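Fold and geometry: a report
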Amino acid sequence: MIVAALACLCPKVAHAQEPPYFVTYSHILEEPDNLEVEYNGNQSTPANTNGFVSSTVELEYGTRAWWTTELYLSGVSVDNDSTIFTGWRLENRFRPLLREHRVNPILYVEYEDHNDADRSLLEVTGHDTVSNLTVSNAEGRAVKERELELKLILSSNVKGWNISENFISEKNFNEPEPWEFGYAAGVSRPLKLTASARNCTFCAENFAAGVELYGGLSTTEDFGWHGTSQYIGPTIQWNIPHGPTIQASPNLGLNDNSLGLLWRFRVSYEIQQFTNRILHPHGGN
Amino acid sequence: MRPALRLLLLTLIFTAAALPSHAQSKDHWKHDVSATDRARTNPLAGQLAAAEAGAKLYSEHCSRCHGDDANGRGKKPTLRGTDVTSAIDGELFWILKNGELIHSMPAWSQLPEVQRWQLITYLRSLQVPAAPTTSAPPQ
């Protein structure tokens, strides 16, 4: 609804040029003063517990060309249970090197305030496994997690390909838990590199495809793969010219600790020069 | 002082020192272009189809800041000025790839190379004076 309302208010929108990842971040930041409004959903029906649909609304704003801020609001709807708000996150991404290099680092800092019912799976760290998803909403909402998440994002653009790697560390300050680690990596490419002269909705240049791999790396006490969940998934993105970007991916669990199949879906609108539109609704500056 | 704290302090000082040096280069970005980048030439130069595709890309990515007619908007510069007209292809390619992040010009490295050349072909087409129109009525 928020996306639809903003779309009505701001008819001139553009599609984002971000790679088609759900978990992995690249070094592509939001353009200054652009606001991207996203709905990010995932769905799964685990074998031994209730199915769920998790929804996250994301507001991503280009504070500077080298600094992007993002707010996440998440909720979950669990079969035979209830639908609840699960928490929020505030994220900042900084680009310390102001020129393009072979490998471009981005520093990511996020504060998370959510409960244990959260199933957004925006990242996987530590020993996050399918057993965490068996908790009921009533039990889960009673357990608060206030976490600091740090990421080192490394990303390259090479001959139309994007290659990105993220190293994730996370610390829950509500419990005496060790630092948890995780990773995400992705490779993607537009289906066609050359833009066509005519306006077209279904041209290959408007589609991008890739593969994403992510999972936990345990904690400071037992760093490694043991007892972690791991996922891989192809991903496809459709940039509708002067319209929204639509993205989907089936993620496959790679071990018994993972969900067997997790569907991910995202729709996003990028509103160019957001504050400028508010300050000068009839054009001008 | 603890080593971690010292490292953090050094990082902050380094960052603070680095930012003004970028700020000073506002009108001198061309000095940052390497000889290799400067030597690049536009493989699509003068091609009408490339200019038309570039116009479409311009409308999607650039017009909101630089204006529909590329004459600039507010503090965002014109792309018909001497900064662009005097720049050679390799320099324009470089600024599209790297941007001027400290001055709000984003990097467009995520656009495939060929699309950046299409944009440059379009920008060059803006510099070609329109053909004179004849006032004589057809015979």
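Note that this is a predicted model, so its numbers are computed, not measured. (Residues numbered from 1 in each chain as written. Chains lettered and ligands numbered in written order. Predicted model: local features only at pLDDT ≥ 70, side-chain atom pairs only at ≥ 80, totals over all residues. Heavy atoms only, no water.)

Things to note about the side chain of E91 of chain B
Residue and element names in this part refer to chain B.
- As for its placement among the helices and strands, E91 is situated in helix α6 (residues 89–98).
- Looking at E91, the relative accessible area reads 8%, which means it is buried.
- Dropping the residues within four chain positions of it, E91 is found in contact with W29, K30, V33, R38 and S86. (Helix = DSSP H or I, 4+ residues; strand = E, 2+ residues; numbered from the N terminus. Buried < 20%, exposed > 50% of the residue type's maximum accessible area, 1.4 Å probe, protein only. Contact = heavy atoms within 4.5 Å.)

Digging into the confidence of the model for chain A
- Here chain A shows a mean pLDDT of 92. Residues at 70 or above account for 93%.
- Here residues 1–16 of chain A is modelled with pLDDT under 50, and outside its nearest four sequence neighbours on either side it reaches 35 contacts, counting other chains as well. (pLDDT = per-residue confidence, 0-100.)

Focus on empty space enclosed by the protein
- Taken as a whole and assessed by the stated rule, the structure comprises four cavities of 30 Å³ or more.
- What the largest cavity holds in volume is close to 250 Å³.
- Forming the walls of the largest cavity are 23 residues, and the residues nearest its centre are E18, Y21, T24, Y25 and R266 of chain A.
- Secondary structure elements with two or more residues in the lining of the largest cavity: β2 (35–44), β3 (52–64), β4 (67–78), β5 (83–94) and β6 (104–115) of chain A.
- Looking at side-chain class alone, the lining of the largest cavity contains nine nonpolar, three polar and eleven charged residues.
- Here the second largest cavity defines a volume of roughly 90 Å³.
- In terms of lining, the second largest cavity is formed by H27, I28, L29, E30, E31, A65 and R95 of chain A together with L101, P106, A107, S109 and Q110 of chain B. (1 Å grid on protein atoms, 1.4 Å probe; cavity = no way out; pocket = protein on both sides within 12 Å on 5 of 7 lines; lining within 4 Å. Points joined across faces, edges and corners; volume = space filled by probe spheres on them. Nonpolar A, V, L, I, M, F, W, Y, C, P; charged D, E, K, R; others polar.)

Observations concerning the packing of aromatic side chains
Residues and elements named next belong to chain A.
- Under the counting rule described, the total for this entry stands at 13 aromatic pairs over all chains.
- Note that R119 overlies the ring of F52, its terminal NZ or CZ placed 5.7 Å from the centroid.
- Taking the ring centre of Y108 as reference, the NZ or CZ of K151 above it sits at 4.4 Å. (Phe/Tyr/Trp six-rings, centres within 6.5 Å; stacked < 30°, edge-to-face > 60°. Lys NZ or Arg CZ within 6 Å of the ring centre and 35° of its normal.)

So, helix α7 (residues 113–127) of chain B
Residues and elements named next belong to chain B.
- The first and last C-alpha atoms of α7 sit 22 Å apart over 15 residues, in line with the 21 Å expected at 1.5 Å per residue.
- Among all positions in α7, only Q115, R116, W117, Q118, L119, I120, T121, Y122, L123 and L126 are buried.
- Structurally, α7 contributes buried residues whose contacts are with α3 (48–61) and α6. (Expected span 1.5 Å × (residues − 1).)

Some thoughts on the pairing of strand β9 (residues 180–190) of chain A
Residues and elements named next belong to chain A.
- The element β9 is extensively covered by neighbouring structure, given that eight of its eleven residues are classed as buried.
- Looking at chain direction, strand β8 (residues 161–172) and β9 are connected through nine bridges and run antiparallel. Across the sheet, F167 pairs through a bridge with Y183, a residue of β9.
- Strand direction decides the pairing type here: β9 and strand β10 (residues 207–219), joined by ten bridges, are antiparallel. Counterpart to G182 in the pairing with β10 is G216. (Pairing = 2+ DSSP bridges.)

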